[in-house]
Amino acid sequence: MSYRTKFSLINPEREEMFTNLLRVVKQWAKARQIYSNIFGYLSGTILLIMTAKICLLYPNGNLLFLLRQFFLIYSIWPWPIPVILDSLVNSNNIFQNWNLKNLLPSEYHDGDKMPVITSLFPNQNAAYNVNNHTLNIIKLEISRAYKILIEETDRNSSKNLDENNLIFKQLDYKNKFCHFLLLECTSIKDINDENQKEFSSVSPPNCGQLKTRVRTLLYRWVEKTVTQTKNKQTIILKDRLNNYHALSGFSRKRRMNNNNFHMLRVIWLVGLNFKEDSCSSIPNSINQFISTLNFHMGKINNKNGFNNHSLYGIYSNHFELENM
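Residues numbered from 1 in each chain as written. Predicted model: local features only at pLDDT ≥ 70, side-chain atom pairs only at ≥ 80, totals over all residues. Heavy atoms only, no water.

Student: How should unusual backbone geometry be read in this particular structure?
Tutor: For residues that are not glycine, phi is negative in most cases, and the peptide bond is trans in most cases. Note the cis peptide between Trp79 and Pro80, where omega equals 15°. With a phi close to 65°, Gln33 is a non-glycine residue in the positive phi region. Tracing the chain through its elements places Gln33 in the loop between helix 2 (15-31) and helix 3 (44-57). (Helix = DSSP H or I, 4+ residues; strand = E, 2+ residues; numbered from the N terminus.)

Structure representation (structure tokens):
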């Protein structure tokens, strides 16, 4: 994908500008915790295509102009209208090529929400994992970045892009969210079991596989969780939440070893933005909501291949998070 985009679609004289713009938007996405295809956010391939589109639309722009246009255009982009760099390749009987039917819900997918189409055959949606909730987070961050760039342009006519620019400010999740969901993956290796694979120095066995389930688990949890109070009042989680944000760059690991086993715990963090609850109080029915999530995660934990691994959800607030 990168070879085709850089050397076939982009003017060779503009390759450096294209590369610089791509580097800048990657830095922005990582700083704002929306750089993870696994969690349903942006990825290197998605940003490459989106960046190439801007460079093709404005072949003579400087870096700051292209960056402003990147955030302007994608802040008003009418998703799910697809981002396409060149004509789609005609499909054949061997490969399934992307087409407009992919926008429609199916038995296994709710339909593409943010189609960003690769130019290599077969054409595919690089942003297939994006859902309604993660798309809203992406759109909010794009709009924020554009607003900052416009305000800074009004104050300063400089054409230089400083690394200290506010668009690169790290997401202050402890102040942005009052409530959090901690997802803890525990992986245990029995030292005496020769059949178990060695621990990876990067991540525990299968925690990477469990991480791929987080996106769909969270989506289904928010969309389908319904609980009742003691007074038989029905509470729908989807109606209580403004949004949730799985922090793509947050990961905490802890190892515990003894003579019989090695254990590795990995924690991922999800910010929860409730509509009515304040930071000083625990959201109503939060324990019931998380119990429902743990029930579904328990089903995954019991499946074959995850016997020595588990995923569990815990509620926390921003005060308790200060020590993490």
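Student: Explain the nonpolar core here, please?
Tutor: Proteins that are soluble and globular tend to have nonpolar side chains buried together. One finds Trp28, Leu42, Tyr74, Met114 and Trp221 to be the most contacted residues of the largest nonpolar core, which totals 75 residues. Contact partners of Trp221, with chain neighbours within four places excluded, come to Leu181, Leu237, Leu272, Phe289, Ile290 and Leu293. Membership of the second largest hydrophobic core comes to 10 residues, among which are Leu171, Leu182, Leu247 and Ile267. (Core = buried A, V, L, I, M, F, W, Y, C linked by side-chain atoms within 4.5 Å. Buried < 20%, exposed > 50% of the residue type's maximum accessible area, 1.4 Å probe, protein only. Contact = heavy atoms within 4.5 Å.)

Student: How should I be thinking about the UniProt feature "transmembrane region" (unreviewed entry) in the chain in this particular structure?
Tutor: Mapped onto this numbering, the UniProt entry annotates "transmembrane region" (unreviewed entry) at residues 38-59. As annotated, residues 38-59 comprises 64% helix and 0% strand, and the C-alpha atoms at either end are separated by 32 Å. (UniProt positions renumbered as here; feature names shortened; annotations may be inferred.)

Student: Would you take a moment to explain the state of the cysteines for this structure?
Tutor: What makes a disulfide is a covalent bond joining the sulfur atoms belonging to two cysteines. Applying the stated criterion across every chain, the model contains 1 disulfide. The side chain of Cys178 participates in a disulfide bridge whose partner is Cys279; the two sulfur atoms lie 1.5 Å from each other. Here Cys178 is found in the loop between helix 6 (173-176) and strand 1 (179-190), whereas its partner Cys279 is found in the loop between strand 6 (261-274) and helix 9 (286-301), with 101 residues between them in sequence. A relative accessible area of 15% places Cys178 in the buried class. On the basis of relative accessibility, which here comes to 33%, the residue Cys279 falls in the partly exposed class. (Disulfide = S-S within 2.5 Å.)

Student: So what exactly am I meant to see when it comes to the packing of aromatic side chains here?
Tutor: Centre distance and the angle of the planes are the two values used to describe a pair of aromatic rings. Scanning all chains against the criterion turns up 10 aromatic pairs. With centroids separated by 5.0 Å and ring planes inclined at 70°, the aromatic side chains of Phe70 and Tyr74 adopt a geometry described as edge-to-face. On the criterion of helical spacing, the pair formed by Phe70 and Tyr74 is a turn pair, its members being 4 residues apart in helix 4 (residues 63-75). Note on accessibility: Phe70 and Tyr74 belong to one class, buried. (Phe/Tyr/Trp six-rings, centres within 6.5 Å; stacked < 30°, edge-to-face > 60°.)

Student: Looking at this structure, how should I read empty space enclosed by the protein?
Tutor: Gaps between atoms show up when a probe of the same size as a water molecule is rolled over them. Enumeration over the complete set of coordinates arrives at 1 cavity of 30 Å³ or more. Size it by volume and the largest cavity reaches roughly 40 Å³. Contributing to the lining of the largest cavity are Phe39, Tyr41, Asn131, Thr134, Val214, Arg215, Leu218, Tyr244 and Ala246. Mapped onto the lining of the largest cavity, the elements with two or more residues apiece are helix 7 (207-224) and strand 4 (241-246). Tallying contributions element by element places helix 7 first for the lining of the largest cavity, with 3 residues. (1 Å grid on protein atoms, 1.4 Å probe; cavity = no way out; pocket = protein on both sides within 12 Å on 5 of 7 lines; lining within 4 Å. Points joined across faces, edges and corners; volume = space filled by probe spheres on them.)

Student: Before we go on, may I ask you to explain the layout of surface pockets in this structure?
Tutor: Each pocket or cavity is described by its volume, and for the largest pocket that value is around 370 Å³. Around the largest pocket, the lining comprises 16 residues; the ones closest to its centre are Tyr108, His109, Asp110, Thr216 and Tyr219. The class makeup of the residues in the lining of the largest pocket is 4 nonpolar, 5 polar and 7 charged. Empty space within the second largest pocket amounts to approximately 270 Å³. Taken together, the elements giving at least two residues each to the lining of the second largest pocket come down to helix 7 and helix 9. Tallying contributions element by element places helix 7 first for the lining of the second largest pocket, with 6 residues. Of the residues that constitute the lining of the second largest pocket, the class distribution is 4 nonpolar, 4 polar and 5 charged. (Nonpolar A, V, L, I, M, F, W, Y, C, P; charged D, E, K, R; others polar.)

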